[in-house]
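Topology and contacts: notes
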Amino acid sequence: VGGHALDRPLGGLGRSLGEELLEPTRIYVRPLLEAIRSGMVHAAAHITGGGLPGNIPRVLPAGVGVTLDLRRWRRPEIFDLIQRAGDIEEAEMRRTFNLGLGMVLAVEAAGADSVLRALRAQGVEAAIVGEVVPSDATDDDRVGFVGN
């Protein structure tokens, strides 16, 4: 990526580029089951190929979308490195990568704190990153972003 050696430490990553790119996918089964037991989780989207706009709408009913606040989670440095090296537009980054959100849950607002506690107790870094909003849009356009 960007002419960087895979086996050398890369500033900002805290490890080599190769180690960063080969990071195993996090398995969310146990933490997710704990969160679901709270009774407040309405949907879960594992963010894979298709990024945030391609995955979140799959779990939403018609008439709603989400607004994600980019200031509410830490975007891993690897995504900035990839974006710079490939001269990739931000919209394409959002359509392609999870940008640090491997799993997104739709949770009742009244139960958000209890779900956060359940996830954090299982060692998952969790935060409220957006909200469900009314939307007449279709597909990828049901995911909006604020806080660029």
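Refer to the structure above for everything that follows.
A short tour of the structure in this document, coming up.

1. Remarks on the overall build of the protein
Across its full length, the protein holds 6 helices and 7 strands. Counting from the amino terminus, the protein carries its helices and strands in the arrangement β-β-α-α-β-α-β-α-α-β-α-β-β. The globule rule puts the C-alpha radius of gyration for 148 residues at 15 Å, and the 16 Å found for the protein is close to it. Each of the three principal axes of the protein carries a C-alpha extent, and together these read 45 × 35 × 25 Å. Evaluated residue by residue, the protein yields a buried proportion of 37% over its 148 residues. Considering only residue pairs separated by 6 or more positions, the protein has 69% of its internal contacts joining residues 24 or more positions apart.

2. What to know about the pairing of strand E5 (residues 103-107)
Residues Val104 and Ala106 line the buried face of E5, whereas the alternating positions Met103, Leu105 and Val107 sit on a face that is not buried. In this structure, strand E3 (residues 41-46) lies alongside E5, joined through 5 bridges in antiparallel fashion. The residue of E5 that forms the bridge with Val41 is Val107.

3. Digging into the pattern of salt bridges
Throughout the structure, instances matching the rule amount to 10 salt bridges. Taking the shortest distance from any N to any O, the salt bridge between Asp69 and Arg72 comes out at 3.7 Å. For Arg72, a relative accessible area of 42% translates into the label partly exposed. Within the structure, one salt-bridge network assembled from shared partners comprises Arg75, Asp80, Glu90 and Arg94.

4. Section: helix H4 (residues 77-86)
For H4, the complete set of buried residues consists of Ile78, Phe79, Leu81, Ile82 and Gln83. Where the residues of H4 are buried, they touch strand E1 (9-10), helix H1 (17-21) and helix H5 (90-96). A positive phi of about 50° marks Asp87, the residue just after H4.

5. Focus: the side chain of Gln83
Structurally, Gln83 can be placed in helix H4. Among all residues touching Gln83, those that are not within four sequence positions of it are Arg75, Ile88, Glu89, Glu90 and Met93.

6. With respect to the sheet that holds strand E4 (residues 64-69)
Taken together, the 3 strands give an open sheet; going across it, the order is E6-E4-E7, and neighbouring strands pair in mixed fashion. Edge strands, defined here as strands with exactly one partner in the open sheet, are strand E6 (130-134) and strand E7 (143-146). Within this sheet the neighbouring strands show an average axis-to-axis angle of 30°, counted without direction. Alignment of E4 against E6, held across 5 bridges, turns out to be antiparallel. When the bridges of E6 are listed, Thr67 appears paired with Glu131.

Rules of the game
- Residues numbered from 1 in each chain as written.
- Predicted model: local features only at pLDDT ≥ 70, side-chain atom pairs only at ≥ 80, totals over all residues.
- Heavy atoms only, no water.
- Helix = DSSP H or I, 4+ residues; strand = E, 2+ residues; numbered from the N terminus.
- Rg over C-alpha atoms; globule rule 2.2 N^0.38 Å.
- Buried < 20%, exposed > 50% of the residue type's maximum accessible area, 1.4 Å probe, protein only.
- Contact = heavy atoms within 4.5 Å.
- Pairing = 2+ DSSP bridges.
- Salt bridge = Lys/Arg side-chain N within 4 Å of Asp/Glu carboxyl O.
- Axes fitted to C-alpha atoms, helices over the stretch in contact; angles between N-to-C directions.

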